[in-house]
Amino acid sequence: MTADSAQPAHQLPITSLRGVGAHLRDRLARIGIHGVQDLLFHLPTRYLDRTRITPIGALRQLAEVVIEGEVLGADIVQGRRRSLICKLGDRSGVVTLRFFHFSASQRNALTRGTRLRCYGEVRLGPAGLELYHPEYHVLDGAAAAPLEQALTPVYPAGEGVTQPRLRELMAQALALANATDGPQRALLHDWLPAAMRPDLPPLADAVRYLHAPPPDAPLDLLLRGEHPAQRRLAFEELLAHHLSLQQLRARVRCQRAPLLKAPAELERRFLDSLPFTLTGAQQRVCREIAADLAQPVPMLRLLQGDVGSGKTAVAAHAVMQAVGAGFQAALMAPTEILAEQHRDTLEHWLRPLDIHSAWLTGRLKGRARAVQLAAIADGSARLAIGTHALFQDEVTFARLGLTIIDEQHRFGVHQRLSLREKGCAGTMPHQLIMTATPIPRTLAMIGYADLDYSAIDELPPGRQPVNTVAIANSRRAEVIARIHGACRAGRQAYWVCTLIEDSEVLQAQAAETAATELALALPDLRIGLVHGRMKPGDKATAMTAFKAGEIDLLVATTVIEVGVDVPNATLMVIENPERLGLAQLHQLRGRVGRGRAESHCVLLYGTPLSQHARERLRILRQTNDGFVIAERDLQLRGPGEVLGTRQTGDINLRIADLQRDAGLLGSVQRGAATLMAEYPQAITPLIQRWLGHATRYGEV
Ligand code: ADP
Ligand code: MG
């Protein structure tokens with residue numbers, strides 16, 4: 001694809017419309033309208049019925065109406081706010097128009113006997129039924145002014161972009177799209193062959209309908225977004241997203257990647273160095289990955305496995321393949337704590353193979369940083385472990401053959417791409433992405449269709465499901481007593497503090513307060529504290545002590561969410577769980593239940609609990625199945641929340657809704673296959689129409 005300029009070739013500049021100068025252009029851009037094409041797909045969120053006049057005597061509260069009548073009188077009144085009050089009557093009754101902002105000339109024009117037509121919402125005010133600040137105009141002459149022929153659209157608007165302005169621009173754009181030649185013709189060109197949309201209207205019909213539905217249009221369907229015209233556009237939008245990922249994938253498949261195949265002897269030594277035997281599922285996934293790595297085409301594989309399923313060992317196996325073939329590997333984690341843990345685990349498993357790793361995080365500074373960068377650049381470090389810092393430009397690998405990203409949902413597609421760029425001359429590294437959050441099918445199709453998929457669908461032997469209970473904070477003392485019991489019995493426990501804001505400072509404070517409270521209540525326990533504001537050294541000390549069993553109770557923020565592994569910890573208390581998403585709670589809970597002993601998770605909720613929050617905690621109590629939880633999370637919170645903010649920026653749907661339109665996904669997938677096989681010329685225009693402005697689909 002050609003680089004995305006600010007004005008993709010297919011877009012007529014918005015300034016080609018009358019009345020749009022640089023100022024309005026910028027304001028339109030702020031609400032996502034960059035060209036005439038975008039404008040046409042800027043759809044109303046609701047409609048007003050201005051096709052008929054309601055008799056004043058028949059007005060009802062909250063209705064949006066058109067009325068016509070004669071001014072009976074207008075006065076300025078000094079109430080709590082100075083306002084202009086105008087009485088308007090027809091044969092059926094009288095209503096009040098109320099204005100808080102008005103000019104002298106406006107007031108003077110409202111003389112008795114003037115006929116007005118007004119548009120507005122009916123409310124109950126001090127003077128009975130009133131219209132606040134109605135739009136109106138004076139009717140002059142005897143001839144009846146024509147009414148609207150179609151429902152009036154209400155668009156998402158923005159600063160300096162009013163409804164009348166949008167309607168006027170839309171009329172121009174729709175007229176332009178009527179053209180039979182020139183670049184305008186492409187605006188509403190239907191790229192889908194008729195056979196692909198049996199029950200849906202052609203594109204131009206759908207767009208025109210939605211901007212101006214007839215007076216008898218089914219408003220309920222339109223409001224729910226289920227009208228065939230809306231489904232037509234949603235279908236095309238989902239199709240465009242799916243196609244763009246397929247295209248990305250096809251482009252990656254044209255690249256070359258190094259062949260990574262370790263000698264059998266090395267693999268045997270690796271398996272011997274593991275403190276356990278791989279489960280059947282781990283072995284299968286390792287084989288799938290090894291087969292990809294032995295191809296000269298870059299691997300793009302998503303590895304999904306519930307918390308505790310043993311993804312780290314699979315990652316280590318892949319690292320061993322890369323290093324054994326003479327290349328470097330990079331392993332990236334979303335948090336420093338998790339990266340540290342990976343470093344410790346992998347060093348332990350890989351040291352017998354003489355594989356040494358470099359370490360890079362944002363906090364590493366000065367000489368220490370320079371040393372690590374040098375080791376990565378000259379190839380003496382065969383494995384680099386770290387955080388986002390590994391993405392930075394200053395990091396150069398000698399011979400990078402494989403990148404592994406842990407807990408993918410925190411990284412966006414952009415970052416996924418930028419690590420690919422770090423390959424060595426003419427090749428692209430293989431890429432493995434690991435996540436504990438199952439990607440629901442609906443999301444996978446438009447967010448991850450560029451990836452192959454492997455799943456670890458089996459937990460290591462001897463695991464017991466975590467027994468989860470929800471207890472109100474008013475019973476806090478009981479919960480504290482329970483911690484005491486567990487720790488006296490030789491077990492360890494977590495106490496996790498949550499906050500709504502993503503503020504490390506506030507989180508740290510909350511954890512410190514909780515630690516103090518618990519230390520007072522449990523004087524005979526050894527209590528540790530971990531939060532994101534601590535010095536890395538102090539954090540590591542606390543974690544190491546907890547792992548070694550020298551701390552009974554670890555008070556922590558959600559920094560321990562992913563990956564932390566202490567099998568003797570069997571009790572977790574999560575304070576204010578109602579503040580977190582289901583998937584995140586499931587991750588946290590996965591910190592216990594890692595050994596053979598029975599484990600418990602106490603959700604210590606604040607009261608009163610909303611119906612919604614109650615429902616979410618109930619789901620968590622009922623199932624330990626990460627897949628079920630992710631599906632429910634998606635239903636309850638929407639895709640942005642499930643995937644994290646970074647990802648939302650990537651999957652920016654204008655019209656489609658993954659829940660509502662899930663039923664379309666099957667035909668989207670089939671449609672994409674048909675287009676790729678039979679109508680490849682339609683692919684680029686479709687992607688440009690819907691994603692033209694996103695950088696995600698830039699060059700690989
Ligand atoms: P996750 O998939 O959540 O990243 P980890 O890789 O951290 O899981 O593994 C969880 C725990 O299970 C670790 O203590 C790890 O050593 C252990 N483990 C992994 N694979 C096996 C196995 N095949 N048998 C027994 N224990 C295993
Ligand atoms: Mg992990």
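**Regarding the site of ligand 1**
Around ligand 1, a shell composed of 16 residues is seen, among which Gly 308, Lys 311, Thr 312, Arg 463 and Asp 565 lie nearest. One nitrogen or oxygen atom from the main chain of Ser 309 is found 3.4 Å from an oxygen atom belonging to ligand 1. In the environment of ligand 1, an oxygen atom lies 2.8 Å from a nitrogen or oxygen atom belonging to the side chain of Lys 311. For ligand 1, the accessible surface in isolation is 560 Å², of which the surrounding protein chains cover 85%. Here the shell around ligand 1 is built from residues that sort into four nonpolar, seven polar and five charged.

**Details of the sheet that holds strand E17 (residues 492-496)**
Taken in spatial order, the six strands of this open sheet run E16-E21-E20-E17-E19-E18, and their pairing is parallel. The open sheet has two edge strands, strand E16 (467-472) and strand E18 (527-530), and neither has a second partner. Each strand axis lies, on average, 20 degrees off the axis of its neighbour in the sheet, ignoring direction. Where E16 meets strand E21 (residues 600-605), six bridges bridge the pair, whose relative direction is parallel. The residue of E21 that forms the bridge with Ile 471 is Leu 604. Docked against the sheet, helix H17 (residues 536-547) engages E17, E18, strand E19 (553-556) and strand E20 (569-575), running at close to 135 degrees with respect to E18.

**Notes on the packing of aromatic side chains**
Within this structure, the stated rule accounts for five aromatic pairs. With centroids separated by 6.0 Å and ring planes inclined at 90 degrees, the aromatic side chains of Phe 100 and Tyr 132 adopt a geometry described as edge-to-face. Taken as a pair, Phe 100 in the loop between strand E4 (93-99) and helix H3 (104-109) and Tyr 132 in strand E6 (residues 128-132) lie far apart in primary sequence, 32 residues in all. By relative accessible area, which is 22% here, Phe 100 ends up partly exposed. With relative accessibility at 25%, the residue Tyr 132 sits in the partly exposed group. It is Arg 50 that lies over the ring of Tyr 119; its NZ or CZ is 4.1 Å from the centre.

**As for the confidence of the model for the protein**
Any segment with low pLDDT has predicted coordinates that should not be analysed in fine detail. Looking at the protein, the pLDDT average stands at 86 and 90% of residues meet or exceed 70. The low-confidence segment residues 1-8, where pLDDT is below 50, has 16 contacts with residues more than four positions distant or belonging to other chains. Segment residues 695-700: pLDDT under 50, and 29 contacts once partners within four positions in sequence are set aside and those in other chains are kept.

**Considering the pairing of strand E10 (residues 328-332)**
With five of five residues buried, E10 lies mostly within the body of the structure. What you see with E10 is no split at all: Gln 328, Ala 330 and Met 332 on one side and Ala 329 and Leu 331 on the other are buried throughout. When E10 meets strand E13 (residues 400-406), the two strands line up parallel, connected through five bridges. Note on E13: the bridge partner recorded for Gln 328 is Leu 400. With four bridges connecting them, E10 and strand E12 (residues 383-386) associate as parallel partners.

**Let's talk about the sheet that holds E10**
Ordered in space as E11-E12-E10-E13-E14-E9-E15, the seven strands form an open sheet in which the pairing is parallel. Of all strands in the sheet, those with a lone pairing partner are strand E11 (357-360) and strand E15 (452-456), marking the two edges. The mean inter-strand angle of the sheet, taken between neighbouring strand axes irrespective of direction, is 20 degrees. As paired elements, E13 and strand E14 (residues 430-435) share five bridges and run parallel to each other. Considered in E14, the bridge of Thr 403 is made with Gln 431. Running over the sheet, helix H9 (residues 280-293) touches strand E9 (300-305), E13, E14 and E15 and is turned about 155 degrees from E15.

What counts, and at which threshold
Residues numbered from 1 in each chain as written. Chains lettered and ligands numbered in written order. Predicted model: local features only at pLDDT ≥ 70, side-chain atom pairs only at ≥ 80, totals over all residues. Heavy atoms only, no water. Near = heavy atom within 4 Å. Polar contact = N/O pair within 3.5 Å; in protein donor to acceptor, adjacent residues only side chain to side chain. Areas by Shrake-Rupley, 256 points an atom, 1.4 Å probe, with all protein chains shown as cover. Nonpolar A, V, L, I, M, F, W, Y, C, P; charged D, E, K, R; others polar. Pairing = 2+ DSSP bridges. Helix = DSSP H or I, 4+ residues; strand = E, 2+ residues; numbered from the N terminus. Axes fitted to C-alpha atoms, helices over the stretch in contact; angles between N-to-C directions. Contact = heavy atoms within 4.5 Å. Phe/Tyr/Trp six-rings, centres within 6.5 Å; stacked < 30°, edge-to-face > 60°. Buried < 20%, exposed > 50% of the residue type's maximum accessible area, 1.4 Å probe, protein only. Lys NZ or Arg CZ within 6 Å of the ring centre and 35° of its normal. pLDDT = per-residue confidence, 0-100.

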